[in-house]
Amino acid sequence: MRPAGTYDTSYAQDMAIVRTKAQWIMLAAFLVFLIAFPHFSGRYWTGVFSLTGIALIAVLGLHITTGLCGQINLGQTAFMAVGAYTTAILIGKLGLPFLVALPCAGITAGIVGLIFGAPSLKIKGFYLAMSTLAAQFIIIWIILHTEFLGAAVGLKVPYVSIGGFVFDTDIKMYYLIIALALIAGLAALNLTRTRAGRAFTAIRDNDLAAEVMGINLFYYKLLAFFIGCFYAGIAGSLWAHYFRYIQPLQFTLKDSVWYLGMLVIGGVGSTVGAVLGTVFIKLLDVFADYISPILAAAFPLVRMNVTYATGAILFSLVIIIFLIKEPRGLAHRWQIFKASYRLWPYAY
Amino acid sequence: MDKFLQFLANGIMIGGIYGLVALGLVLIYKSSRVLNLAHGGFLMILAWLFWSFAEQFGLPIWLSILSVLAVAVLAGLGVERFILRPLIGQPILAVIIATLALGYFLEGVAIMAWGADTKGMPKFIPEEVFWVGPVSIAQHYILAFVTAIVLFLLLLLFFRYTRWGLGMQIVSEDQQVARSLGISVKNVFAQTWAFALVMAAIAGILYASLHAVSNFNAVIGLTKALPVMLLGGLESLPGALAGGLLVGVFEGVGGGYIDPLVGGGASDVIPLILMLLILLVRPYGIFGWERIERI
């Protein structure tokens, strides 16, 4: 909400994502911060930010399928696995360059997403959730039982190299991931303003009404699945290069649920929300890492798994509390805050 | 042929337990249109609790079972009151994520309380194997199967002949009508949750006594119970039992023949493939209500 007296005087102004000088300055400062970050933060935080970037790409994909188009996808990590394994095979076994393998990973994940998204034409709600849940288990099962894909042992993945430049340190990988996450975010933000994005929103709000308005449900629902899973494929590919070793057990239903949780905590249907939610949960992850040694001292019986258990308890509690207390998520809180400081000291 | 009969018998017996797990899910879905994806988590943690009562505190088996059932009732009322009731009227996505998150919460609690390894159940069922012609059946399975059938029949009678059960039926049919007849919809929701978690406790104890107590048991709430529920129809109690038996047979026979070809584990994925096929062909299942959408 903008205060009275602030008008757009040209179409360019109306369409701009970054509106004011203050926003440009803040954006520039943020970019400088991101670029400078790994040089003063140390390895741990660089790693945290890199993983946040990867998760952010996956959550943005989910934001398009579930947040914008309303098609529930419980199998996002399985689609990430498809992307990760595609990269591992294209680069590791066939020796293709990264710039070819990355889009291929996205497209393969997208096509697999189409297979499991196809039932969305007949079914919705719970039924669709079940179909994507089945995708999660079936895809991981297939990987576990295919010798070519390394079965339970997993596959090794080489460093990323673009035209002879090898991304062989954490910091180089960080820059690659952040750059791709920014592009993904910008694309997702702009998608909401295209014909496809508006069609997605119409389908989410009322699919019958959307169909009556002339939106081709078949095309747009599948498109939403394809784009969402494309993002997952890209995220999976980066994941594979970041850890340089992939194994089916890295891609669990639990992470799919956390991704959905990030979306919910951020606010369903808002791109800013997807970013806020991801960062929030990832910071919570750091917090769980921090408190688990303390808890491990208190519960000596379960020392081995205490990080895992604290993470699960913390995330699930936060997700449930958000669902009950603030179903519109952090994005809504952010809007309230923005409105209040813009209008300050007046109430409206 | 003997091999086939053995696979068939295994399938039917395990199918009884799947039916029992799905019965709890159907109860909740029927009354409140909530798909309880945390059912597996409850099943797992209540089985752990039983293990704790019987092994750690040394209570007699019957007392442990009764205490676990009491905990289940309390947990059901609590979950309904503090998690599901505030979510009434919110989109389906909220309920799905809340119940999934609840499942992982229970898993985390179970790991904190009992660690991540598996434990053997107290032996309260005789070990000997039963022979029917060439087919061998463990007594565990028979007990589980008979319990499933008996509970199912009791539920059926309860819903048909008691005032309480009829009230619950009306709520699942039409909440508006139920209210105008003076039935408290909220109370019915709470009661169904208590009922369903009692089912989960029984199924959890039976399932754990077949294998072991472990937090991996939770996954059957998703990978087995959902296909069963979908095959039978989301709202149908006989459907849950029939679906359980069918899924069990598919898994037993299919798994028995396919396992040697793929190196084991086919029974993990057969119910899910079955579920995908049902979703594509007949999403309302065998006995479910086919919904017709009008504009």
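The structure presented is a predicted model; accordingly, all values stated were derived computationally and were not measured.

**Thoughts on the overall build of chain A**
Thinking step 1. Counting secondary structure elements, chain A contains 14 helices and four strands.
Thinking step 2. Taking 20 Å as the expected radius of gyration for a compact globule of 348 residues, we find that chain A reaches 21 Å, a close match to that expectation.
Thinking step 3. Taken along the three principal axes of its C-alpha coordinates, chain A extends 65 × 50 × 50 Å.
Thinking step 4. The buried share of chain A, reckoned over its 348 residues, is 45%.
Thinking step 5. Taking all contacts inside chain A whose residues are at least 6 apart in sequence as the whole, residues at least 24 apart take part in 76%.

**As for the overall build of chain B**
Thinking step 1. On a plain count of helices and strands, chain B comes out with 12 helices and two strands.
Thinking step 2. Reading the helices (α) and strands (β) of chain B from amino to carboxyl end gives α-α-α-α-β-β-α-α-α-α-α-α-α-α.
Thinking step 3. Here the C-alpha radius of gyration of chain B, 19 Å, is about what a compact globule of 295 residues would show, namely 19 Å.
Thinking step 4. Taking contacts inside chain B between residues at least 6 apart in sequence as the whole, the part at least 24 apart equals 76%.

**Focus on the nonpolar core**
Thinking step 1. Counting 207 residues, the largest nonpolar core has Ala58 and Tyr231 of chain A together with Leu46 and Ile97 of chain B as its most contacted members.
Thinking step 2. Here this core takes 18 residues from helix H8 (residues 185–210) of chain B, the largest share from any one element.
Thinking step 3. Not counting the four nearest positions on each side in its chain, Ala58 of chain A is found in contact with Gln76, Met80, Tyr231, Ala232, Ala235 and Tyr259 of chain A.

**Brief notes about the interface of chain B and chain A**
Thinking step 1. Listed per partner, the contact involves 40 residues of chain B and 40 residues of chain A.
Thinking step 2. Secondary-structure elements contributing two or more residues to the side of chain B that touches chain A are helix H4 (92–114), helix H9 (220–223), helix H10 (225–232) and helix H12 (266–281) of chain B.
Thinking step 3. Ranked by residue count, the leading element in the side of chain B that touches chain A is H4 of chain B, at 16 residues.

**Considering the pairing of strand E1 (residues 129–132) of chain B**
Residue and element names in this part refer to chain B.
Thinking step 1. As paired strands, E1 and strand E2 (residues 135–138) are joined by four bridges and run antiparallel to one another. What sits directly across from Val129, in E2, is Ala138.
Thinking step 2. Linkage of E1 to E2, two consecutive antiparallel strands, is achieved through a turn of two residues, within which Gly133 is found at a positive phi near 60°.

**What about the packing of helix H7 (residues 170–191) of chain A against helix H10 (residues 217–243) of chain A?**
Residues and elements named next belong to chain A.
Thinking step 1. Close contact between H7 and H10 brings their axes to 11 Å; oriented N to C, the two are set at 175°. Classified by the interaxial angle, the pair formed by H7 and H10 is roughly antiparallel. Facing H7, whose interface residues are Met173, Ile177, Leu180 and Ala184, H10 presents Tyr231, Ile234, Leu238 and Tyr242.
Thinking step 2. Residue classes in the contact of H7 with H10 are distributed as eight nonpolar, no polar and no charged.

**Quick look at the environment of Ile115 of chain A**
Thinking step 1. Counting through the fold element by element, Ile115 of chain A comes out in helix H5 (residues 98–117).
Thinking step 2. Sequence separation between Ile115 of chain A and Leu323 of chain A is 208 residues, and the spatial gap between their C-alpha atoms is 30 Å.

**Notes on the packing of helix H11 (residues 253–266) of chain A against H4 of chain B**
Thinking step 1. The contact between H11 of chain A and H4 of chain B brings their axes to 10 Å, and the two run at 130°. Taken together, the axis directions place H11 of chain A and H4 of chain B in an arrangement best described as oblique. For the crossing formed where H11 of chain A meets H4 of chain B, the hand is left-handed. Taking contact as the criterion, the partners of Lys254, Val257, Leu260, Gly261 and Val264 of chain A in H11 of chain A are, on H4 of chain B, Ile97, Leu100, Ala101 and Tyr104 of chain B.
Thinking step 2. Split by residue class, the contact of H11 of chain A with H4 of chain B holds seven nonpolar, one polar and one charged.

**Considerations on the environment of Ile96 of chain B**
Thinking step 1. Mapped onto the elements of the fold, Ile96 of chain B is located in helix H4.
Thinking step 2. The sequence separation of Ile96 of chain B and Gly78 of chain B amounts to 18 residues, and the corresponding C-alpha distance is 18 Å.
Thinking step 3. Apart from residues lying up to four places away in sequence, Ile96 of chain B is in contact with Ile72 and Ala129 of chain A together with Leu35 and Leu37 of chain B.

**Considering unusual backbone geometry**
With glycine set apart, most residues show a phi of negative sign, and most peptide bonds adopt trans.
Thinking step 1. Phi is positive for Arg244 of chain A, close to 55°, though the residue is something other than glycine.
Thinking step 2. Mapped onto the elements of the fold, Arg244 of chain A is located in the loop between H10 and strand E4 (245–246).
Thinking step 3. The phi torsion at Arg33 of chain B lies on the positive side, around 60°, for a residue other than glycine.
Thinking step 4. Within the element layout of this structure, Arg33 of chain B appears in the loop between helix H1 (2–32) and helix H2 (39–56).
Thinking step 5. Judged by the 16 C-beta atoms lying within 10 Å of it, Arg33 of chain B falls in the partly exposed class.

**Section: the confidence of the model for chain B**
Thinking step 1. On average, residues of chain B score 85 in pLDDT, and 97% of them reach the 70 mark or higher.
Thinking step 2. We note a pTM of 0.90 for the whole complex and an ipTM of 0.88 for its interfaces.

**Comments concerning the environment of Val100 of chain A**
Thinking step 1. With respect to the helices and strands, Val100 of chain A occurs in helix H5.
Thinking step 2. Distance in space between the C-alpha atoms of Val100 of chain A and Thr87 of chain A is 9.5 Å, their sequence separation being 13 residues.

**Comments concerning helix H4 (residues 76–93) of chain A**
Since one α-helical turn is 3.6 residues long, residues separated by three or four positions face the same way.
Residue and element names in this part refer to chain A.
Thinking step 1. The end-to-end C-alpha separation of H4 is 25 Å, in line with the 26 Å expected for 18 residues at 1.5 Å each.
Thinking step 2. For H4, the buried fraction is high: 16 of the 18 residues fall into the buried class.
Thinking step 3. Gly95 occupies a position one or two residues after H4 and carries a positive phi of about 70°.

Analysis parameters
- Here the residue numbers are simple positions, counted from 1 along each chain's written sequence.
- Chain A is the first chain written and ligand 1 is the first ligand written, with later ones labelled in order.
- The model is predicted, so local features are restricted to residues of pLDDT at least 70 and side-chain atom pairs to those at 80 or more, both for listing and for counting; the totals for chains, interfaces and linings are taken over all residues.
- Secondary structure elements follow DSSP: runs of H or I of four or more residues count as helices, runs of E of two or more count as strands, with numbering from the N terminus.
- Computation of the radius of gyration draws on C-alpha atoms, with the globule rule given as 2.2 Å multiplied by the number of residues to the power 0.38.
- Burial is judged by counting the other C-beta atoms within 10 Å of a residue's own C-beta: 20 or more makes it buried, 12 or fewer makes it exposed, and any count in between marks it as partly exposed, with every C-beta position built from the backbone.
- Any two residues are considered in contact once their C-beta atoms, placed from the backbone, lie within 7 Å.
- The term nonpolar core means buried Ala, Val, Leu, Ile, Met, Phe, Trp, Tyr and Cys residues held together as one set by C-beta atoms within 7 Å.
- In this analysis, strands are considered paired if DSSP registers two or more bridges between them.
- Geometry is summarised by axes, namely lines fitted to C-alpha atoms with helices restricted to the contacting stretch, and by angles between N-to-C directions that run from 0 to 180 degrees.
- Angles below 35 degrees are treated as roughly parallel, those above 145 as roughly antiparallel, those between 65 and 115 as roughly perpendicular, and all remaining angles as oblique.
- Each residue receives one of three labels: charged for Asp, Glu, Lys and Arg, nonpolar for Ala, Val, Leu, Ile, Met, Phe, Trp, Tyr, Cys and Pro, and polar for the others, Gly being one of them.
- Working rule for handedness: look at the near helix, and if it is turned counterclockwise from the far one by less than a right angle, call the crossing left-handed; if clockwise, right-handed.
- The predictor attaches a confidence to each residue, and that confidence, scored 0 to 100, is pLDDT.
- To estimate the expected span of a helix, subtract one from its residue number and multiply by 1.5 Å.

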